[in-house]
Amino acid sequence: MSVRSLRLAVQYVSFLILMYGGRIGIRLGSALPCFACPFVPGCGGYCYLMGLQGYIGFGLAAGGAAGQQILEALFWFLVFVALTSLLGKVWCGWICPFGLIQDWLSWLRNTLGVRERYISPDWKNLIGSVKYIFLFCIVILPPLITANILPPDFYLPFCSICPGKLILPLFAGETQYLALNLDNAVTFWFSLSLIAVTGSTLTGVFFKDRLFCLFCPLLALIHVLRPLTALKLVKEPTFCSGCGNCRRACQMDVAEIDQNAPQVQTIECVDCLRCLEACPSSGALSLRFFGFKLFSSQRFSTRALRVKP
Amino acid sequence: MSPNDTRRERLYRKTAQKVQAEETQILDWLRARDDYRPELDYFLAQLADRSVRAVERRSGRKVVRLLCNQAPLELFLAAGLQPLRIASGSFNEASFSVHNWPALTCPLIKGILTGLILDPNLLTGPWVIPSSCDWVVKFWEMRLEVSPLDMTANDKELMFLELPHFKNRPKSRNRWLEEVLELKKFLESLTGRKIRRPELLQAVSTVNRAWQAILALKDLRRQGRISSVYFSAVMGAFFLGDLDTWSNQVTALCQKLWPAENPAPGIFLAGSPIFFPNFKLPVLIEEAGLRIAADDLCSSERVFPSGQVLEDTSEFGLTAALAGRYHQGCLCPTFGDNERRVNNILSQTEESNFQGVVFTVLKGCHPYDLESVTIEKTLKKHGLRYLRLETDYSAEDRPNLLTRLEAFASSLKGVRGVS
Amino acid sequence: MSVNVGLDLGSTAIKVVLTEGRKILWHGQTPTAPGQESLAQILTRKGLTELGLTSRDVGQVASTGYGRRLVGFAEKAVDEILANAVGLFELSGRTARHIVNIGGQDVKCISLDEQGRVTDIKMNDKCAAGTGRFFELVARLLDTPVSDFTDLSQAATESITLNSTCVVFAESEIVSLMAKGTKKMDIVKALHESVARRVASMFKYSELNEGLWLDGGPAMNKALVTALADELMTEVFVLDKPQYTVAYGAALCLN
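Note that the structure is a prediction, hence the values are computed from the model and not measured.

Visitor: A description of the domain arrangement of chain A should follow, citing residues and the corresponding values.
Guide: The accessible area lost on association of the parts is a frequent measure of interface size. All names here are of chain A. Parsing chain A into structural domains produces domain 1 (3–222) and domain 2 (231–304). Taking the mean C-alpha position of each, domain 1 and domain 2 sit 27 Å from one another. Of the roughly 2000 Å² buried between domain 1 and domain 2, counting both surfaces, carbon and sulfur atoms make up 56%. Ranking the residues of domain 1 by area buried against domain 2 places V3, R4 and K89 at the top, with a combined share of 27%. Linking domain 1 with domain 2 are 4 salt bridges, by the criterion used here. Close ionic contact of E277 with R4 constitutes a salt bridge, the shortest N to O distance being 3.5 Å. Linking domain 1 to domain 2 there are 14 residue pairs in polar contact (both at pLDDT 80 or more). When residues of the side of domain 1 that touches domain 2 are traced back to their parent elements, those giving at least two are α1 (3–20), α3 (67–87), α4 (90–95), α7 (130–146) and α11 (217–224).

Visitor: Now, about the side chain of R341 of chain B: what can you tell me, with residues and values included?
Guide: The residue R341 of chain B is located in helix α14 (residues 341–352) in this model. Those residues in contact with R341 of chain B that lie beyond four places of it in its chain are A270, G271, D296, L331, P333, F359, Y368, E371 and I375 of chain B.

Visitor: Give me the lowdown on the sheet that holds strand β10 (residues 236–238) of chain C, citing residues and values where you can.
Guide: Residues and elements named next belong to chain C. One open sheet accounts for 5 strands, arranged β8-β7-β6-β9-β10; its pairing is mixed. Strands with a single pairing partner mark the edges of an open sheet, and in this sheet they are β8 (118–123) and β10. Across the sheet, the mean angle separating the axes of adjacent strands is 25° when strand polarity is ignored. As paired elements, strand β6 (residues 98–102) and strand β9 (residues 212–215) share 4 bridges and run parallel to each other. Counted as the bridge partner of I99 is W213 from β9.

Visitor: Provide a residue-level description of the interface of chain A and chain B, including the pertinent values.
Guide: Taken together, the 37 residues of chain A in the interface contact 39 residues of chain B. Where chain A packs against chain B, one counts 3 salt bridges. The salt bridge involving E311 of chain B is made with R274 of chain A; its shortest N-O contact spans 3.2 Å. Contributing elements (two or more residues each) for the side of chain A that touches chain B: α5 (97–112), α12 (245–249), α13 (274–278) and α14 (302–305) of chain A. For the side of chain A that touches chain B, a count of residues per class yields 14 nonpolar, 13 polar and 10 charged.

So, how was this worked out
Numbering of residues starts from 1 in each chain and follows the order in which that chain's sequence is written. Whichever chain is written first is A, and whichever ligand is written first is 1; the rest continue in order. Local features in a predicted model are, by the rule used here, given only for residues with pLDDT of at least 70; side-chain atom pairs are given and counted only at 80 or more, and totals for whole chains, interfaces and linings are based on all residues. Water and hydrogen atoms play no part in the side-chain values, which are based on all heavy atoms of the structure. Note that the domain bounds were set by an automatic or database domain assignment. What gets called buried area is simply the loss in accessible area from a 1.4 Å probe that two parts show on being joined, summed for both. Any Lys or Arg side-chain nitrogen found within 4 Å of a carboxyl oxygen on Asp or Glu counts as a salt bridge. Think of a polar contact as two N or O atoms within 3.5 Å of one another; within protein, one of them needs to be a possible hydrogen donor and the other a possible acceptor, and neighboring residues in sequence only count if both atoms come from side chains. Secondary structure elements follow DSSP: runs of H or I no shorter than four residues count as helices, runs of E no shorter than two count as strands, and numbering proceeds from the N terminus. We call two residues in contact when some of their heavy atoms are within 4.5 Å. Strands are labelled as partners when DSSP assigns at least two bridges between them. Geometry is summarised by axes, namely lines fitted to C-alpha atoms with helices restricted to the contacting stretch, and by angles between N-to-C directions that run from 0 to 180 degrees. Only Asp, Glu, Lys and Arg are considered charged in this grouping, and only Ala, Val, Leu, Ile, Met, Phe, Trp, Tyr, Cys and Pro are considered nonpolar; every other residue, Gly among them, is considered polar.

Here it is as structure tokens:
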């Protein structure tokens, strides 16, 4: 089985579990490092971003009085760290349901024969910095609500504009987030932004593989924990002939992947392993779990070469 | 007709006969070997007639002459054209024009220039000339010396493909992409037909199939089950006919039951290309009790830079990926940032456990000569045995080369002073 | 008694060494001429006779040198690089790391590791500059036997430079030097320096280790040894009879 088909299988299984698992009693908790959207009725687990926003808000609201809630917040934080340390970016490339939806759009583009757009490293850096703005808001807005500086409608600010909140519930038949929320000015603007962000995300992703991952605050959080991560993509520069197959195969156009250096897993990398599969030099790229090689590049696998005329 | 003209014609005729005899001799020798198989006949028959007309007849496509396989072959195939790498390994051809050129001129270029004199059909027709090494760059100008009649005066049949010599630099890559897009237009202008996505996909899959056939053949050679002289002959026929037929023939050849593995120590052959009928080195290496298990010659395993992995299959995406692959994936020493070429040797040695590397420098091939110094250092640092052989197409240094190869063979077999 | 025979069929001389185990019993040489096989046979018989032996005492025969394939009665043909390495490594008491062999028409620079394995081979390919032929040519021009070169060179008073390494060009350069009245001994000294420069250019200074041995006929020339030591800035060792190392090595390869 090729890495590609294995990944696709994992993506679909994860999609089913995370989107519908709740209906058969699967509850994977509130600290999943992927867009397992809590707004999907009957979902199998919750995205940690929601937990993060919620706990910061609740925790501060309760103050010292509600020690139990602080403990709970700490518990989910540790669960998040543990899950991230175990699988790293595999959460993004293999498990995230929103990632799969982005891949569908890439497939559609490819089928239609439309070219993918290239984003220059400078632009990528600029776009990439947006996710830190999101992170900043996630951390700073909930306390402001608690302190009554912002109205409670600012609760879960990231979720309010996250395209996952609009798209993913549709798969469970939940269509309410498609509509404008006219409760008040804040909800109106939030729901309008949600539609605008979703529209532009879908358009952007259609022209560029996984464009949204560049904005994703969760990706940044996972990357911060990289030193703890057991699952790593490692490059052995001695075996790399610099052919650039990896970079051309890369969904995220990681520029470092074909350089003459061992550090290739940059913040954008989503561990999709296309690079590993495209690499013609045996042993140049490998995915390691606690140092143990799970996959290693080989002279072309037949599968990687197959092109349908 | 002046006496000078008849004299010149006699000279040309005589040289052509000598070239013919040289080729026939090696083809007969290849057929007479013990390990000859009838499946090889297809390739040897193609080598016997490498004229443009024969290639056009066999492939059913119009030939575009390529001076160096730097240009993406897929584009030619997608345009319905047949790329033909012009090369010469003939001693008689190379030594014919010896008086016209400086002593250290590349024998390959000298051979090709003589080829132009001997076969006027070679010159007239479309040419693509990539600017890889200095010899290739100066070729079109040198050609005026042997063939002053500019029969391809119209620029429509000639394209210089400018190769940026730094492949790890984004700006160079963009420039190269522009060149490749230009090449696409040039090829389209030759046929009057647009190269579109379906034709590109078809061409990519044709080349990928060829690559898979080459992989099987490479494995056969690594195991020591096919002689390198036959490997060279098969690769020498790469451009000489329809590529799909070639791939099928190679696959058939690989499925043939070959004799047991050759126990001779395997070496990696690196360096300047080796073209038919100059099989001097492969023959000497075998005579010395060694076998070539793999190589990185652009006439052989690097005939094109391996298969294509394509994610963006749009028309532009395919062209851009092809451009990238033929630029960054090329290990030609004319690149200024080619230090990772040695990694290809190291990873293959690691994989197949070769003991030594023979580095061949064609006299006058300066880029390879220069790189041999840094490569020697890196290989020795990794504990590999290394032998550098500088030679040309002549047979006069055969005993000398053989002595060195035999000593190299004993050092690989671990023969030591006194145990 | 089982005697092994090592034959070295070089371009200028045929050398024969008779051994028992690692011990050299007899050695001899004769100039190369047509009919090398019979010359080698005659020389071998001569050795056997002097030792009071017959051809029945011969165990095995190994041949080496350019003519190694011309000898039908040899059981084994060894390339001269390996034979040289094996022979000199043993005779140097396993201390040799580099061997410079100046033969009749070539110069070989062989590098060895601690076990005596060949790690590097450098060799002139198409040009006879710096070889034994070069010395013969100069000897003819100066009308002085090569054996006198050492004394002549040591007596040199003036320092001149011989610019041409090419045998052909050196000939005209020497002729014009003689015409100018340059003394023989100064020319000979310059010749040694020129050959030493040529040999030194085949080594990378950074890769040069202690333990450089010179062998082949011209190694008997002490002035050449001095010139080479000067040029490479290292001590150059020489055996008493440096021309037999290759034949001896071939014989050892039979063990």
